[in-house]
Amino acid sequence: MPANTVTIAPNLTLDADYIAGASIALLGKRGAGKTYACRVLAENLFDAHVQTVIVDPMGVFWGLRASADGEKDGLPIPVFGGDHGDAPLEPTAGALMADLVVDEGLSMILDLSGFGSRTQERTFAAAFLDRLYRRNSELVHLIVDEADLFAPQKPRREDAHLLVTMENIVRRGRNKGIGATVASQRAAVVHKDVLTQVDALVALRVAAPQDRDAIRDWVRGQGDEELWSTIAPSLPGLANGE
């Protein structure tokens, strides 16, 4: 694969800068292959020399440091926080980590799984995303796993600032050199002001009717009702990774 391309699927290779600067939603129920797809995207972007930052609330992306079979090294990407981190991560360090992304051009995994509360997750993510949005100018791709935690469909008052920063990243991030992949098991619980603004939507296996309805709204927004009538019946029965 040429260094400036990303292989999205068999027989589908796209320009790395295009993918890196785009906003993408990756949706699929638990076990459908969402996390694996994010890992493959991160590996492709890294191989294409695209700075990549992963916000990981569940502590699952540290495995990028090893190959799939565990027999050899994976990506030389630092992990901050979590049980497998190279360095600890404090809930108050969001702005500092964004400065490292901007000033040092550093790819990284931000493992939030060690934080003790939703408030700490929110504090870190709001400061990190806002500082990144305000300061960044070079191409960087941000992968946000479990995006419904940061852009909930039914936000509480304390979620307001974080929701605004997520919307800025997805809707206006390209102007700041920021592309984003937002991943979630539940399309229905990702705020529609975020979900409807993505450039591309990738749907894996989706069984719940309300989640299919959220995907339908995006497809219909692209002006293709006929396409939706073809896609909708297939979503519950897709194989892992399909």
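Residues numbered from 1 in each chain as written. Predicted model: local features only at pLDDT ≥ 70, side-chain atom pairs only at ≥ 80, totals over all residues. Heavy atoms only, no water.

(A) Spatial organisation of the pattern of salt bridges. Per the stated rule, a full pass over the model turns up 15 salt bridges. Residue R131 pairs with D99 through a salt bridge whose shortest N-O separation is 2.8 Å. Here R131 is found in helix α4 (residues 118–135), whereas its partner D99 is found in helix α3 (residues 94–104), with 32 residues between them in sequence. For R131, a relative accessible area of 31% gives the class partly exposed. With a shortest N-O distance of 3.3 Å, D130 and R134 are connected by a salt bridge. Of this pair, D130 and R134 are both found in helix α4, four residues apart, which corresponds to roughly one turn of the helix. By sharing partners, the salt bridges in this structure join D99, D103, R131 and R135 into a single network. (Salt bridge = Lys/Arg side-chain N within 4 Å of Asp/Glu carboxyl O. Helix = DSSP H or I, 4+ residues; strand = E, 2+ residues; numbered from the N terminus. Buried < 20%, exposed > 50% of the residue type's maximum accessible area, 1.4 Å probe, protein only.)

(B) Seen up close, the nonpolar core. Grouped together as the largest cluster of nonpolar side chains are 50 residues, with contacts concentrated most on M97, L110, F128, L142 and I215. Apart from the residues within four sequence positions on either side, I215 is in contact with L27, A187, L201, A203, V206, W228 and L235. Of all hydrophobic cores here, the second largest spans 24 residues; its members include A48, F61, L64 and I143. (Core = buried A, V, L, I, M, F, W, Y, C linked by side-chain atoms within 4.5 Å. Contact = heavy atoms within 4.5 Å.)

(C) Representation of helix α2 (residues 34–47). If you check α2, its first and last C-alpha atoms are 20 Å apart, about what 14 residues at 1.5 Å a residue would give, namely 20 Å. Taken together, the buried positions of α2 are occupied by K34, C38, R39, L41, A42, N44 and L45. One or two steps after α2, the chain reaches H49, where phi turns positive at roughly 65°. (Expected span 1.5 Å × (residues − 1).)

(D) Representation of the packing of α4 against helix α5 (residues 160–172) within the structure. Interhelical geometry of α4 versus α5 gives an angle of 40° and a closest axis separation of 9 Å. Between α4 and α5, the crossing angle belongs to the class labelled oblique. In this structure, α4 meets α5 at a crossing whose hand is left-handed. Counted together, R118, R122, A125, A126, L129, D130, Y133 and R134 of α4 and H161, L162, T165, M166, N168, I169 and R172 of α5 form the full contact between these two elements. A class-by-class count of the residues in the contact of α4 with α5 yields seven nonpolar, three polar and five charged. (Axes fitted to C-alpha atoms, helices over the stretch in contact; angles between N-to-C directions. Parallel < 35°, antiparallel > 145°, perpendicular 65-115°, else oblique. Left-handed = near helix turned anticlockwise from the far one by under 90°. Nonpolar A, V, L, I, M, F, W, Y, C, P; charged D, E, K, R; others polar.)

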